[in-house]
Structures are given as structure tokens and as C-alpha cells.
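Single-letter residue listing:
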Amino acid sequence: MNRSEFLKRMGLGTVAIAAGSSLLTSCMDHGMEGEAPNVLDGVFNNLLKVPQTINATSALSAQVGMETLANGGEVPVLGYGFGLLGPTIRVQKGQNVNLNFTNKLSEHTNIHWHGLVIPAAMDGHPDHRIMPNGSFNFQFRVNQQAGTNWYHPHLHGLTGKQVTEGLAGLFIVESEEEKALNLPSGTYEVPLIIQDKRLNSSGGITYNPTMGEVMTGFLGETILVNGTNKPFLEVSTRFYRFRILNGSTARIYNLVLSNGSDFCVIGSDGSMLPQPESMKNLLLGPGERADVLVDFSGVKLGEMIYLENEEFSGMGEAQGDQAYKILSFNVTGIENDDFILPTTLLPFTKLSGSTKTRPFKITMRMGHNSLGMHQINGKVFDSDRIDEIVNLGSTEIWEFDNTAGDEAHPMHVHGVHFQILSRKGGRNTILPQESGWKDTVLVAPKEKVLVILKFEHKGKFVVHCHNLEHEDDGMMLNFEVI
Ligand code: C2O
Ligand code: CU
Ligand code: CU
């Protein structure tokens, strides 16, 4: 049944149909047909949890809380609140952030603001260690585009463990220009933090990557959304905005909707795209975000539409060999929204004028057990060594070269946003969802990806693979902006 048949059957007149047809843009002319992939079974009957929202001047602590993740009952987890994960911090562009952070854990931690372009002293470099019972006052001004960012610990060797155990949250920047787009908001704007976990027999989180898993990435068998196992969300027949974060340590998702609808992608890492892009498949590597609109207006009341992972290949041997459901959208309400999808989003200027091309070659070192470990430019992370020196205010091209590799690496740079210039080898293309500002880019086996970046903050930052097993194993370099 197509949209107008649906509207007719719902008794809505020609006026509504005419209004609907005027909205037909590239993001709306999706079919409702399409084959559902061969998904794993499971009943999605847990109400999706949604993190609470806090503002720019709040207190935050890393602490142990209790959460029910599986049938075994409550288990201890880490979070920046009372359960898994942390609150969503929402700030306005231009606002001063003042967050008082306390470490209530029994080990060191810190916070990195992934996607925020802020001074080095506030960025959460691995050198920044906040001891148990210690605290730190994060103060910075947010002066960047509206977008979906996030925060998580960044201690070298502990990042994968602390993120997996629950330390992560969203950091959303809003602006006047974005508000003028009248995007779905309030209950129609829902964050979706997707993470895979390995659970033990009592339902607690286990983080015990083997040497092989450090190599290929640690893939948990249970997929949680906002910390909810087998979640459902009740939706009405209208547009929704979902801010999706792949907060997994290593798992790559190839997201699809089970009814064959498109995602209308309006933003990626920390900023909006120049214009909406219609995508049937949304590939998201660890650390990447996608800001999407989904139109449920053609869906029958009582239907369930699943957010699913579809099988994929070319991202390393361990990735993509299974299809599964992630979240069920249960259509339970009829609503006739008057949202009009804008044809353009926020102004976007292409960066140019690079003065230097800097290679970052992904290489291998052999360990004692003959398992290879990933390095950048033949080096393992050393916090005291400055690997690259960059001039403040300069524009450069960085080349992430995985032509010799057989694993995918989501490469991430602190302290800047970048634009993707080209991808050679492998997929040989820049995906529509990669057309705006990014801070993390998936570099598949055989690929060489060129990004252009402009450095606006002085100090010591890191560039690393956001596969957190790779990162903790040393796939990270320091660069200093002088
Ligand atoms: Cu989200 Cu350096 O990391
Ligand atoms: Cu980051
Ligand atoms: Cu990697």
C-alpha cells in the first residue's frame, strides 16, 4: 500500500494527499516494499530507554550503577548517571560549558568530548588522568555548528573497557540556524546509542578480548540501544528524527529499515549535511554518528518496523556476516504532521588551500604469538612522543592509507573537523552521508582516504583508530599544533 492509498483508507481527504505529494523530494520517494533480510529471531518487548537531558552547567560523575541488561536481573554497570551510559548534554552554539566532573570509580578515568573543537587542555587527551575521588572542572565555549557529538573516557589502555562497561553519552549542539529548519523535536527526536555487549551468565558485561579479538575487534553478541536489550519504541505515522551513534568498540553496522524505507540523512559526525540524502543502507563505523529522519506516514497502524543490520562484506573477516534486528518501531498512533523537508540544510563551505599532505600509513607489527598488531606509520602510541607537528591556522591533507591492510579502521582526529576529499581503492567512493563535516572516517581494507582539515587550537591532540581494541593496543599518534 502506498502513501496515498494509506491516506485514503484512513479517511483523509484529497487535501492531505495533495499536501503529501508536494513534499516529494529525493528523501521521500521511497518505496514501502523491499525484502526483509534474514534476521535473527527475538521478541522486542523492552521499552526503549531514553537518557535524560542536562544543560551546559551541570555536574557529572563516573560511577557504578545498577541496570538490567538480560533476564538475570540487576547487574553493576558503569555510567555517568545511575545506570548504563550518561545523560544527553544539550547546549546552544556560542554557549559556555561548565561541567563539574567527579570520578567515583576505583580506577583513573577522564572525559574526551568526541566531535567538539575545543582547547587541548579540555579535550581529554590520554595524558589527562583523573584519579579515583578526583574531580575536574571542564570549562569551554562551544563555537561550532549544530550536530550530534558524544563523550567518553580516553585513558590509554582503558578506553575500550570503560566505554564497554557503560561510560558514554551524547553531547548535542543546537543553533538558531538549525531551529529555523523546524526539524522534528521533543518526543519526535530520539537518540539511539547502539552498542554490542558480551554478557555473562548473570547478565553482566564482560570485556575480555582475546589477542585475536584485539586484532579483528571485539564483537559482543547482544546489541543494546540506549542500554536497552531488545527494545521497542512506539511511534506515530509522521516524521521522526533519530540521532544515531555507533558507540560500539569495534562493530560496524549496516543499518536498514525492515520495510525497505529510506533513511533521510541530515547530519553525520557533529554537523549537518549540506542537503538531505536518501539512503537505504546506512553504514556506521565505531564513533560515527548519523542524524536521520524517518517517515512513518505510510505505515499501517499496528505494524512493526525493525531497525536492522544487513549483512555486508569488505570490512574485514569478522564483520558483517550476520543479519539481525536492533530495534522495533511499533506504529501505535495516527498523526498527520505538517513537516516539510527542506531541500538544503546548513551552509557548507569546501575547505581548500592545503599546504601539506601528511601520510598516515596503517602497518602491522608481529607480536610474540605471531598475531599482527596495527600501527600507524610503523609506530605504537607513546604518550611522551610527539609524532607530528602542525602549524596553528594551517590547512592540511591527511592521508589514511590502509592499502596493505585487511581490517577496517575508523580513523578519528581530535581537535578538528575534516572533510573527505577522496577514497581510492576498496569502495572507491565517498558516501552521501560523508558529504559534510566529519571527525571519524571508515577506512576499509585496500582503501586510501584523503581528508582536509584546518587546525584552530594549539596543543597536544591525538589521531587514532576508533576501533577501541586497536586504539588501546597503540593504534594512536600524538600531534602538536604550535
Ligand atoms: Cu571518541 Cu579519541 O575518541
Ligand atoms: Cu574524539
Ligand atoms: Cu583499527
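To be clear, the structure that these remarks concern was listed above.
Here's what I pulled together on the structure shown here. (Residues numbered from 1 in each chain as written. Chains lettered and ligands numbered in written order. Predicted model: local features only at pLDDT ≥ 70, side-chain atom pairs only at ≥ 80, totals over all residues. Heavy atoms only, no water.)

1. Quick word on the coordination of the copper ion (ligand 3)
The textbook angles at a metal center are 109.5 degrees for a tetrahedron of four donors and 90 or 180 degrees for an octahedron of six. On the protein side, the copper ion (ligand 3) has His409 (ND1), Cys465 (SG) and His470 (ND1) as donor atoms, found 2.0 to 2.1 Å from it. When the donor residues of the copper ion (ligand 3) are listed from N- to C-terminus, their spacing reads H-x55-C-x4-H. What makes histidine 470 buried here is its relative accessible area of 1%. (Donors = N, O, S within 2.8 Å, 3.2 Å for Na, K, Ca; no water. Buried < 20%, exposed > 50% of the residue type's maximum accessible area, 1.4 Å probe, protein only.)

2. A closer look at the coordination of the copper ion (ligand 2)
At 1.8 Å from the copper ion (ligand 2) lie its protein donor atoms, namely His112 (NE2) and His412 (NE2). Here histidine 112, found in strand E7 (residues 112-114), pairs with histidine 412, found in strand E28 (residues 409-413); they are 300 residues apart in sequence, far enough to count as distant. Per residue, the accessibility class of histidine 112 equals that of histidine 412, and both read buried. (Helix = DSSP H or I, 4+ residues; strand = E, 2+ residues; numbered from the N terminus.)

3. Observations concerning the nonpolar core
Judged by nonpolar contacts, the single largest core of 43 residues is most densely connected at Phe242, Leu255, Leu307, Ile326 and Phe329. Top contributing element to this core by residue count: strand E23 (residues 324-333), with five residues. Other than its neighbours up to four places away in sequence, leucine 255 contacts Ile194, Ile244, Phe263, Lys280, Asn281, Leu282, Leu284, Leu307, Glu308 and Ile326. (Core = buried A, V, L, I, M, F, W, Y, C linked by side-chain atoms within 4.5 Å. Contact = heavy atoms within 4.5 Å.)

4. Structural notes on the pattern of salt bridges
Counting across every chain of the model gives 31 salt bridges. With its nearest N and O atoms 2.6 Å apart, the salt bridge here joins lysine 438 to glutamate 288. Taken as a pair, lysine 438 in the loop between strand E29 (418-424) and strand E30 (440-443) and glutamate 288 in the loop between strand E20 (282-284) and strand E21 (289-295) lie far apart in primary sequence, 150 residues in all. The same class applies to lysine 438 as to glutamate 288, namely buried. Where aspartate 401 meets lysine 361, a salt bridge forms, and the shortest distance between an N and an O atom there is 3.5 Å. Linking aspartate 401 in strand E27 (residues 395-401) with lysine 361 in strand E24 (residues 356-366), this pair joins segments that are 40 residues apart in sequence. The network of salt bridges with common partners includes Arg90, Glu174, Glu178, Lys179, Glu189, Arg241, Arg243 and Asp291. (Salt bridge = Lys/Arg side-chain N within 4 Å of Asp/Glu carboxyl O.)

5. Points about the environment of lysine 458
Looking at where lysine 458 falls in the secondary structure, it is placed in the loop between strand E31 (448-454) and strand E32 (459-465). Through-space distance from the C-alpha of lysine 458 to that of valine 481 is 4.7 Å; in sequence the pair is 23 residues apart. The contact partners of lysine 458, leaving out residues within four places of it in the chain, are Ala120, Leu392, Val481 and Ile482.

6. Comments concerning the environment of asparagine 98
For asparagine 98, the location among the structural elements is in strand E6 (residues 96-103). In this structure the C-alpha to C-alpha distance between asparagine 98 and glutamate 396, which are 298 residues apart in sequence, comes to 32 Å. Those residues in contact with asparagine 98 that sit more than four places away from it in its chain are Ala56, Thr57, Ser58, Asn137, Phe138 and Gln139. A distance of 2.7 Å separates the side chain of asparagine 98 from the side chain of asparagine 137, its partner in a polar contact. (Polar contact = N/O pair within 3.5 Å; in protein donor to acceptor, adjacent residues only side chain to side chain.)

7. Remarks on the sheet that holds E30
Reading across the sheet, the five strands line up as E26-E33-E32-E28-E30 and stay open at both edges, with mixed pairing between neighbours. Of all strands in the sheet, those bounded by a partner on one side alone are strand E26 (388-390) and E30. On average, each strand axis in the sheet is tilted by 25 degrees relative to the strand beside it, whichever way the strands run. In this sheet, E30 lies alongside E28 in antiparallel orientation, the contact comprising four bridges. Among the inter-strand pairings, histidine 412 is bridged to a residue of E30, identified as threonine 440. (Pairing = 2+ DSSP bridges. Axes fitted to C-alpha atoms, helices over the stretch in contact; angles between N-to-C directions.)

8. What about the sheet that holds E6?
Reading across from one edge, E4-E3-E6-E8 is the order of the four strands in this open sheet, with mixed pairing throughout. Each of the sheet's edge strands pairs with one partner strand only, and the pair in question is strand E4 (74-79) and strand E8 (135-141). Adjacent strand axes in the sheet meet at a mean angle of 30 degrees, parallel and antiparallel pairs treated alike.

9. Regarding unusual backbone geometry
Non-glycine residue lysine 230 carries a positive phi angle of around 50 degrees. Locating lysine 230 in the fold gives a position in the loop between strand E14 (228-229) and strand E15 (231-236). Its identity as a non-glycine residue notwithstanding, asparagine 377 has a phi of 50 degrees, on the positive side. According to the relative accessible area criterion, asparagine 377 is partly exposed, its value standing at 27%.

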